[in-house]
Amino acid sequence: MKGAMQPRPFMVPGPGGPMPPPQQQFGLVETRPPLAAVLRPRFNIPGLHPSAAAAAAASGAGKIASTYDLVEPMRFLYVNVVKARDLPVSATGAIDPFVQVKLGNFTGTTSVKAAAHSPSWQQVFAFSASHLQAHLLEVLVRAKDLGGDDFVGRVAFDLAEVPVRVPPDSPLAPQWYRLEGRRGEKLPHGEIMLSVWLGTQADEAFPDAWHSDAHAAAGPAAVASTRAKVYFSPRLVYLRVAALGAQDLIPHDTSRPMSACVKLQLASQVRRTRPGAPPGAPNPIWNEEFMFVVSEPFDEPIVITVEDRVAPGRDEMLGRIVLPLQAAMPRHDHFGKPVEPRWYNLMRPSDDPDKKEMKFASKIQIRMSLDFGYHVLDESTYYSSDLQPSSKPARKPSIGMLELGVLGARNLIPMKPKDGRTTDAYCVAKYGPKWVRTRTILDTLNPQWNEQYTWEVFDPCTVITVVVFDNGQIGSKNGAGPDQRIGKVRIRLSTLETDRVYTHFYPLLVLHPSGLKKTGELHLAVRFTCTAWVNMMALYGRPLLPKMHYTQPIPVMQLDYLRHQAMQIVAARLSRAEPPLRREVVEYMLDVDSHMFSLRRSKANFYRITSLFYGFLAMLKWYEGIRSWRNPITTMLVHMLFLILICYPELILPTFFLYMFMIGLWNYRYRPRHPSHMDTKLSHAEMTHPDELDEEFDTFPTSRPADIVRMRYDRLRSVGGRVQTVVGDLATQGERAHALLSWRDPRATAIFIFLSLVVAIVLYVTPFQVLMVITMLYLLRHPRFRSRMPSVPFNFYRRLPAKSDMLL
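Given the structure is predicted, the values throughout are model-derived calculations rather than measurements. Here the residue numbering is sequential within each chain, running from 1 through the sequence in written order. Local features are withheld for residues below a pLDDT of 70 in this predicted model, meaning they are given only at 70 or higher, and side-chain atom pairs are given and counted only at 80 or more; totals for whole chains, interfaces and linings count all residues. Heavy atoms throughout the structure, all of them, feed into the side-chain values; hydrogens and water do not.

Draft legend 1. Spatial organisation of the overall build of the protein chain. Along its length, the protein chain carries 15 helices and 28 strands. Each residue's exposure class comes from its accessible area (1.4 Å probe, protein chains only) as a fraction of the maximum for that residue type: buried when under 20%, exposed when over 50%, partly exposed otherwise. Out of the 808 residues in the protein chain, the part that is buried amounts to 48%. A sequence separation of at least 24 residues applies to 73% of the contacts in the protein chain between residues at least 6 apart. Of the accessible surface of the protein chain, which amounts to about 41000 Å², a share of 59% is contributed by carbon and sulfur atoms. A helix here means a DSSP run of H or I that spans at least four residues, while a strand means a run of E at least two residues long, and both kinds are numbered starting from the N terminus. Residue contacts are defined here by distance: any two heavy atoms, one from each residue, within 4.5 Å place the two residues in contact. Each accessible area value is a Shrake-Rupley result obtained with a 1.4 Å probe; residue values ignore everything except the protein chains displayed when judging cover.

Printed below as a string of structure tokens:
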């Protein structure tokens, strides 16, 4: 705000030196690409024969299906190599056939089928129209032996005769073609089944096709990593386990008092109880409850061990039991019947596991339940993309669709200059449980993907995350390099107008120890379509999370631990896909290190709070201007309004809400016209001191040499991380109040100003005394008439957008 007091910068101890100069061009750039949602581009393929182009235009191939209208059409020549039969026999009696598809300088090769006279490949090749360098397509069948590659036969196609296929037409049926010799003569033996057609990226064969620019990738695994894929996160559930007590524990050494505790282990998650009470008793009582994160299918059992602490760091097992997760009672809400505890026999180390009956055994009382009513958090609540409960029957119907078109990128930085390459870029987008991965465009700084994806939307107050990575399996020496991050984009759906196509270049920003760097720009097209307006508006009055989060809340510290475990499970599951979504990709998408202390983020949150007081300073300056009679007309009007409100106090509240209504209408002309993006000034990333960046990128624990410095430094960072979270929460509350009239969420502001008008009218026609009596009676009502669920105004306020999703 102009004229407002600027906060004093933090004083940072450390090495001196000038501050780095701020970089520019970190904002969004609006574009107007020729999308099918706006116009219908002509079917123009570079290098294609004019007769083929005319046939394509006549067939209507220039139109992309309505579900694929947020990207520019890209033309591809598809070749589906199905199988062969009746291949000739070599001198040794057996051949190892494979197929080469050649188009100009580009060649695609299938796998080799050993000793097969009727091999089957079922492989699709895609040649980009921009790479068409010839008018003749050759499909050659060869046989691999010890002497090299032997020619078996060929089939040639003129591109002018290739048909054009437009979805949603059915796939083109493959046909048998007799093999020809080198001079074009028909061979007596050998046929191959093929289908060749011209299509776009909307073709269903596009994701699994071997693209012409990826044929040179080393190895089938590297080629597979270049394909576009869709992944789904596993369904996560909270497992609640309560260790209540035990009976008839037998210690190994009866000469000393027993100190029994329970160890619960589920895969890598380990929890321990305190020693049972009373100390030394053979029937200890714990009454401690723990929560674990489990995923479907529930294959991992939980191992419950009762241990006796005989010395510091030394425990002796008194008994153990392995329980499958199916033994836990499923709970879909808190209204069901309570979970009853059960007694289980503990297996002692000397017991025979094959023995069915035991005359005597120690027992432990356990209460277990699978709580499907919670939403298992694997993302930060500030930019979560999914708020649905794990229970499928408790989920609400969708309220709309989110469509994302990943058009391309420009001016990416070279990620592999040492390997003689530029960048092998691909994008990963996550919304809800669905992850999408575009194909990898090899060795270019300006990739063009033009791929479109769709998600169902169940809550508008969610965030979609899009990240650009460099494929580490391409170009590296051993193909095992990590996928390096290039930049991240987050878009909050509630800030988007419905049925509007947003096309922008989003800057890709990465913070390095050397400072903030712009690594390129990502071109996206986004559209949010609402199919249930009433349900979407009603969501603003409902709780953000499922009911069980409020009726049986989970402590904050335990929730952070469970979120970390959920992220590990999701990363492990997606890394087992083919091709895998690698662990470093999943962890960066889910912001696994967002809890680490950063002086830069602490300063950003502090300034977010101080900026909220600028409005109060402006009001004080306005009041001082009224007192000093700087504008006599305004001062007289204020005096008249003050006298009217004193004479008619019933007009105070209607005037206030009417004033809010007028401010909301006035701010409509200043509403944001583009999606919010990471703000470098808000994040204090442009003018960050090098010593602060050195502290932020330091390891945890610190790598400082002195032990005492390490201990104090780690403690300071731990405390500072909690403080920055609290400060960020305070800033979020103030920013949500500011969002009531700022039109950042157009639907929420519309609801608020409409209710302000209604309240102003109600307060005008209702006596002030009646309103006060009703308000006080409502506030002082009996607890029996109060609900444990948050109120509608509280739910509405929690759903208002803050600037936390804009932080870098």
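Draft legend 2. Structural context of the environment of leucine 651. Relative to the helices and strands, leucine 651 resides in the loop between α9 (632–647) and α10 (652–667). Residue leucine 651 is classed as partly exposed on the basis of its relative accessible area, which comes to 24%. Each C-alpha atom, one on leucine 651 and one on leucine 763, is 8.0 Å from the other, the two residues being 112 residues apart in sequence. Apart from the residues within four sequence positions on either side, leucine 651 is in contact with Ile644, Leu645 and Tyr764.

Draft legend 3. Structural view of the sheet that holds strand β25 (residues 463–470). Pairing is antiparallel across the open sheet formed by five strands, whose spatial order is β11-β23-β22-β25-β26. Each end of this open sheet is capped by a strand with a single partner; those strands are β11 (229–232) and β26 (484–492). Averaged over all neighbouring strand pairs, the angle between strand axes comes to 20 degrees, with direction disregarded. Strand pairing is assigned whenever DSSP detects at least two bridges linking the two strands. Only the stretch in contact is used when a helix axis is fitted, and all axes are lines through C-alpha atoms; the angle between N-to-C directions ranges over 0 to 180 degrees.

Draft legend 4. Here's a closer look at the side chain of serine 384. With respect to the helices, strands and loops of the structure, serine 384 is situated in the loop between β20 (363–371) and β21 (400–410). Looking at serine 384, the relative accessible area reads 5%, which means it is buried. Ignoring sequence-local partners within four residues, the contact set of serine 384 consists of His375, Glu379, Thr462 and Val463.

Draft legend 5. Highlighting the packing of α10 against helix α13 (residues 746–765). At a minimum axis separation of 8 Å, α10 and α13 run at an interaxial angle of 155 degrees. As judged from the angle between their axes, α10 and α13 are roughly antiparallel. As α10 runs across α13, the sense of the crossing is left-handed. Here Leu653, Pro654, Phe657, Leu658, Met660, Phe661, Gly664 and Leu665 of α10 lie close against α13, whose contacting residues are Phe752, Ile753, Ser756, Leu757, Val759, Ala760, Leu763 and Tyr764. Residue polarity follows a fixed list, in which Ala, Val, Leu, Ile, Met, Phe, Trp, Tyr, Cys and Pro are nonpolar, Asp, Glu, Lys and Arg are charged, and the others, Gly among them, are polar. Residues that form the contact of α10 with α13 fall into these classes: 14 nonpolar, two polar and no charged. If an angle is under 35 degrees, it is roughly parallel; if it is over 145, roughly antiparallel; if it lies from 65 to 115, roughly perpendicular; otherwise it is oblique. Here is the rule for handedness: rotate from the far helix to the near one, and if that takes an anticlockwise turn smaller than a right angle the crossing is left-handed, while a clockwise turn gives right-handed.

Draft legend 6. The arrangement of a nonpolar patch on the surface in detail. A cluster of nonpolar side chains, Ile652, Leu653, Phe768 and Met772, forms an exposed patch at the surface whose accessible area comes to about 320 Å². When residues of the nonpolar patch are traced back to their parent elements, those giving at least two are α10 and α14 (768–779). Note on phenylalanine 768: relative accessible area 36%, which makes it partly exposed. Candidates for patches are residues over 30% relative accessible area with no salt bridge; among them, like charges are joined within 9 Å and nonpolar side chains (Val, Leu, Ile, Met, Phe, Trp, Tyr) within 5 Å. Salt-bridge detection follows one rule: a side-chain nitrogen of Lys or Arg within 4 Å of a carboxyl oxygen of Asp or Glu.

Draft legend 7. The sheet that holds strand β1 (residues 29–30), seen in detail. Sheet architecture is open: five strands sit in the order β1-β27-β28-β21-β24, paired in antiparallel fashion. The open sheet terminates on both sides in strands that have one partner only, identified here as β1 and β24 (448–457). One ladder, built from ten bridges, connects β21 with strand β28 (residues 515–530); its direction is antiparallel. Paired with glutamate 403 across the strands is arginine 527, a residue of β28.

Draft legend 8. Representation of the UniProt feature "transmembrane region" (unreviewed entry) in the protein chain in the model. UniProt positions are given in the numbering used here, feature names are shortened, and annotations may be inferred rather than shown by experiment. Taking the numbering used here, the UniProt-annotated feature "transmembrane region" (unreviewed entry) corresponds to residues 606–623, 635–668 and 750–780. Structurally, residues 606–623 is divided into 94% helix and 0% strand, and its ends, taken at the C-alpha atoms, are 27 Å apart. Secondary structure across residues 635–668 divides into 85% helix and 0% strand, with the first and last C-alpha atoms of the span separated by 27 Å.

Draft legend 9. Structural view of α10. Between its first and last C-alpha atoms α10 spans 23 Å; for 16 residues at 1.5 Å apiece the expected length is 22 Å, and the two agree. On its buried face, α10 sits against α13. An expected span of 1.5 Å times one less than the residue number is assigned to each helix.

Draft legend 10. Region of the structure containing the packing of aromatic side chains. For Phe, Tyr and Trp, rings pair up if their centres lie within 6.5 Å, where Trp contributes its six-membered ring, and each pair is then called stacked (planes under 30 degrees apart), edge-to-face (over 60) or tilted (otherwise). Under the criterion given, the structure shown has 14 aromatic pairs. Ring pairing ties together the aromatic residues Phe76, Tyr78, Trp197 and Phe206, which thus form one cluster. If you follow arginine 410 out to its NZ or CZ, it ends over the ring of phenylalanine 505, 3.8 Å from the centre. Charges are assigned to positions over rings by a cutoff of 6 Å between ring centre and Lys NZ or Arg CZ, combined with an angular limit of 35 degrees from the ring normal. Between the NZ or CZ atom of arginine 490 and the centre of the ring of tyrosine 383, over which it lies, the distance is 4.0 Å.

Draft legend 11. Representation of the pairing of strand β2 (residues 75–85). For β2, the buried fraction is high: nine of the eleven residues fall into the buried class. Pairing geometry for β2 and strand β5 (residues 120–128), over seven bridges, is antiparallel. Looking at the pairing, valine 79 lines up with phenylalanine 125 of β5.

Draft legend 12. Just the nonpolar core, in detail. Nine residue types can take part in a nonpolar core, namely buried Ala, Val, Leu, Ile, Met, Phe, Trp, Tyr and Cys, and a core is a set of them joined through side-chain atoms within 4.5 Å. Counting residues in each nonpolar core, the largest one holds 37 residues, and the members touching the most others are Leu404, Trp449, Trp455, Ile464, Leu522 and Leu524. Sorting the residues of this core by element identifies β21, β22 (425–431), β24, β25, β26, β27 (501–512), β28 and α3 (533–539) as the ones contributing at least two each. Sort the elements by how many residues they give to this core and β28 lands first, with five residues. In contact with leucine 522, other than residues within four places in its own chain, are Val406, Gly408, Ala409, Cys427, Trp449, Val466, Val468, Val489, His504, Phe505, Tyr506 and Leu508. Residues Val79, Ala84, Val101 and Leu194 belong to the second largest nonpolar core, which totals 32 residues.

Draft legend 13. Focus on the packing of helix α7 (residues 599–612) against helix α8 (residues 614–627). Axis separation between α7 and α8 bottoms out at 4 Å; the angle between their running directions is 25 degrees. On the basis of the axis angle, α7 is roughly parallel to α8. Judged by residue contacts, Thr610, Ser611 and Leu612 of α7 engage Tyr614, Gly615 and Phe616 from α8. Here the contact of α7 with α8 is built from residues that sort into three nonpolar, three polar and no charged.

Draft legend 14. Fine view of the pairing of strand β15 (residues 285–295). Counted residue by residue, β15 has eight buried out of eleven residues, so it is predominantly covered. Two elements, strand β12 (residues 236–247) and β15, share nine bridges in a ladder whose sense is antiparallel. Across the sheet, the residue bridging to tyrosine 238 is valine 293, located in β15.

Draft legend 15. Quick peek at the pattern of salt bridges. Enumeration over the complete set of coordinates arrives at 38 salt bridges. A salt bridge links glutamate 316 to arginine 314, with the shortest nitrogen-to-oxygen separation between them at 3.5 Å. By relative accessible area, glutamate 316 is classed as partly exposed at 22%. Measuring nitrogen to oxygen at the nearest pair gives 2.8 Å for the salt bridge that ties lysine 488 to aspartate 591. Highlighted residues: lysine 488 in strand β26 and aspartate 591 in the loop between α6 (583–589) and α7, separated in sequence by 103 residues. Here lysine 488 and aspartate 591 have matching classes, each one buried. Ionic contacts of the salt-bridge type, sharing partners, join the residues Arg240, Glu289, Arg331, Arg367 and Asp371 into one network.

Draft legend 16. Quick look at unusual backbone geometry. A cis geometry characterises the amide bond from glutamate 296 onward to proline 297, with omega recorded as -10 degrees. Residue placement: proline 297 occurs in the loop between β15 and β16 (302–311). Between glutamate 578 and the following residue, proline 579, the backbone shows a cis peptide bond with an omega angle of 0 degrees. Turning to its location among the elements, proline 579 is positioned in the loop between α5 (556–574) and α6.

Draft legend 17. Quick peek at the environment of alanine 532. Looking at the secondary structure, you find alanine 532 in the loop between β28 and α3. You can call alanine 532 buried: its relative accessible area is 17%. Along the primary structure alanine 532 and proline 397 are separated by 135 residues, whereas in three dimensions their C-alpha atoms are 9.3 Å apart. Apart from the residues lying within four places of it in its own chain, the contact partners of alanine 532 are Ser398 and Ile399.

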